[in-house]
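# Summary of the model geometry
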Amino acid sequence: SVSQAEESMQEAMATVWQKAHMFDSSKASASTWIFTIARNIRFDMLRKLKNKVVQLSSHPHAEVYFFLLCFIEAFILPLPTTVMQAPMALSSPHKSMRYIWIATIASVLGGIVGYCLGWLFYNLIENYVMHSSYKDEFVLIQSWMRHWGMLVLFPLALCPIPFKITTISAGILGLRFIPFMLMISAARFLHFFCIGFIIRHGQQRIRRWMLKRYKPS
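These figures come from a predicted structure and were not determined experimentally. Numbering of residues starts from 1 in every chain and runs along the sequence as written. Local features in this predicted model are restricted to residues whose pLDDT is 70 or higher, and side-chain atom pairs enter the listing and the counts only when it is 80 or higher, whereas totals over whole chains, interfaces and linings include all residues. Computation of side-chain values: all heavy atoms of the structure, hydrogens and water removed.

## Examining the overall build of the protein chain
Which entries qualify depends on this criterion: Strands are runs of DSSP state E lasting at least two residues, helices are runs of H or I lasting at least four, and both sets are numbered from the N terminus onward. Relative accessibility thresholds used throughout: buried, under 20% of the residue-type maximum; exposed, over 50%; partly exposed, between the two (1.4 Å probe, protein chains only). We call two residues in contact whenever any of their non-hydrogen atoms come within 4.5 Å of each other. What sets the accessible areas is the Shrake-Rupley method with a 1.4 Å probe; for residues, cover comes only from the shown protein chains.
Counting its regular elements, the protein chain contains 11 helices and 0 strands. When each of the 217 residues of the protein chain is scored for burial, the buried share is 38%. Considering only contacts within the protein chain whose residues lie at least 6 apart along the sequence, 76% involve residues at least 24 apart. By element, 65% of the accessible surface of the protein chain is carried by carbon and sulfur atoms, the whole surface being about 13,200 Å².

Okay, here's the thing in structure tokens:
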């Protein structure tokens, strides 16, 4: 969000000021040094956000938050849905299939929003994308879509890459809407089903991984 970007920038500038005496021009240029600080702060903020999202998985209304996460992730949020699906499925294995359907429905609805954003606001979206960290991914995926068309939608929506890149790119290129809906519906269901299957058959290993990776802040 804009507020998070402003907070990140302010923190980066404050860190640059505090650590100015540590800068060594023989090792890197000033711009590279500042960029590295800003990137590390951004990663740290994303890590904290992940931890907060993981904590929501034990909330009484966790399913609502999970739905919103899957919905928003399809067109804007830079967080993988696994950070909620995994702990929820681990704590309630008998609800694993329910979570898969919740994630699928929310992700497809979010995918429609992403498609519409790309289709209706092409110029605005393209300008934003060309100045974002996803520039290379957007260019590559759009080149695939131009070459392969609908055939590439299924593997793109299935793979663990930012889903918003696929949905927005499909809208920008004006791919046919009904086939787009059918492709992403099948692919997203299979995507979440595979994650649920892996979680169900590797519970102990995944629990240890989750505890190590997402420690409460």
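Past the structure itself, the notes keep going.
## Considerations on the packing of helix α7 (residues 135-148) against helix α9 (residues 163-173)
As a reminder of what qualifies: Here the axes come from fitting lines to C-alpha atoms, over the contacting stretch only for helices, and the angles between their N-to-C directions go from 0 to 180 degrees. Roughly parallel means an angle under 35 degrees; roughly antiparallel, over 145; roughly perpendicular, 65 to 115; everything else is oblique. Left-handed describes a crossing whose near helix is turned anticlockwise from the far helix through less than a right angle; right-handed describes the clockwise counterpart.
Between α7 and α9, the shortest axis-to-axis distance is 10 Å and the interhelical angle comes to 55°. In this view, α7 runs oblique relative to α9, as classed from their interaxial angle. Of the two elements, α7 crosses α9, and the hand of that crossing is right-handed. Contact residues: Glu137, Phe138, Ile141, Gln142, Met145 and Arg146 in α7; Lys164, Ile165, Thr166, Ile168, Ser169, Ala170, Ile172 and Leu173 in α9.

## As for the nonpolar core
The test is simple: Take the buried residues of types Ala, Val, Leu, Ile, Met, Phe, Trp, Tyr and Cys, join any two whose side-chain atoms come within 4.5 Å, and each joined set is a nonpolar core.
Counting 23 residues, the largest nonpolar core has Phe138, Met145, Leu153, Ala170, Leu175, Phe180 and Ile184 as its most contacted members. Of all the elements, α9 adds the most residues to this core, at 5 residues. In this structure Ile184 touches Val108, Gly111, Ala157 and Phe163, once residues within four positions along its chain are discounted. Within the second largest apolar cluster, 14 residues are counted, among which are Leu69, Val83, Met84 and Ala106.

## Considering the pattern of salt bridges
Here the idea is simple: oppositely charged side chains can pair when their charged atoms come close. Applied cut-off: Take a side-chain nitrogen of Lys or Arg and a carboxyl oxygen of Asp or Glu: if they are within 4 Å of each other, that pair is a salt bridge.
Scanning all chains against the criterion turns up 2 salt bridges. The partner of Glu63 in a salt bridge is Arg98, and the shortest N-O contact between them spans 2.8 Å. Of the two residues, Glu63 is situated in helix α3 (residues 62-73) and Arg98 in helix α5 (residues 96-120); the sequence distance between them amounts to 35 residues. Taking relative accessible area as the criterion, Arg98 reaches 47% and is therefore assigned partly exposed. Across the salt bridge formed by Arg188 and Glu73, the nearest N and O atoms sit 3.8 Å from each other.

## Quick word on the side chain of Thr81
Mapped onto the elements, Thr81 comes out in the loop between α3 and α4 (82-91). Taking the relative accessible area as the measure of exposure, Thr81 reaches 4% and is therefore buried. If we skip the residues at most four places from it in the chain, Thr81 touches Phe66, Leu69, Cys70, Glu73 and Phe192.

## A word on the packing of α4 against helix α10 (residues 177-200)
Each pair of packed helices can be described by the angle between their axes along with the distance between the axes. We count it as follows: Each residue is assigned to one class: nonpolar for Ala, Val, Leu, Ile, Met, Phe, Trp, Tyr, Cys and Pro, charged for Asp, Glu, Lys and Arg, and polar for all the others, Gly among them.
Here α4 crosses α10 at 45°, and the two axes come no closer than 10 Å. On the basis of their axis angle, the class for α4 and α10 is oblique. Crossing angle aside, the handedness with which α4 passes α10 is right-handed. Across the interface between the two elements, Thr82, Gln85, Ala86, Ala89 and Leu90 of α4 pack against Phe192, Ile195, Gly196 and Ile199 of α10. Of the residues assigned to the contact of α4 with α10, the class counts are 6 nonpolar, 3 polar and no charged.

## Let's talk about the confidence of the model for the protein chain
What counts, and what does not: The pLDDT value tells you how sure the predictor is about a given residue, anywhere from 0 up to 100.
Within the protein chain, residue pLDDT values average 79, and 67% of them lie at 70 or more. Between the elements of the protein chain, mean pLDDT differs from a low of 52, seen in helix α1 (residues 2-18), to a high of 95, seen in α5. Below pLDDT 50 for its whole length, residues 1-6 participates in 1 contact with residues either more than four positions away or in separate chains.

## So, the packing of aromatic side chains
Under the convention used in this document: The pairing test for Phe, Tyr and Trp rings, Trp by its six-membered ring, is centres within 6.5 Å, and the orientation test on the planes gives stacked under 30 degrees, edge-to-face over 60, and tilted for anything in between.
Across all of its chains, the model carries 7 aromatic pairs by this definition. Measuring from centroid to centroid gives 4.8 Å for Tyr115 and Phe180, while their planes differ by 40°, and the two rings are tilted. Of the two residues, Tyr115 sits in helix α5 while Phe180 sits in helix α10, which places them 65 residues apart along the sequence. Accessibility classification places Tyr115 together with Phe180 in one group, the buried group. Members of the aromatic cluster, joined through ring pairs, are Trp101, Phe189 and Phe193.

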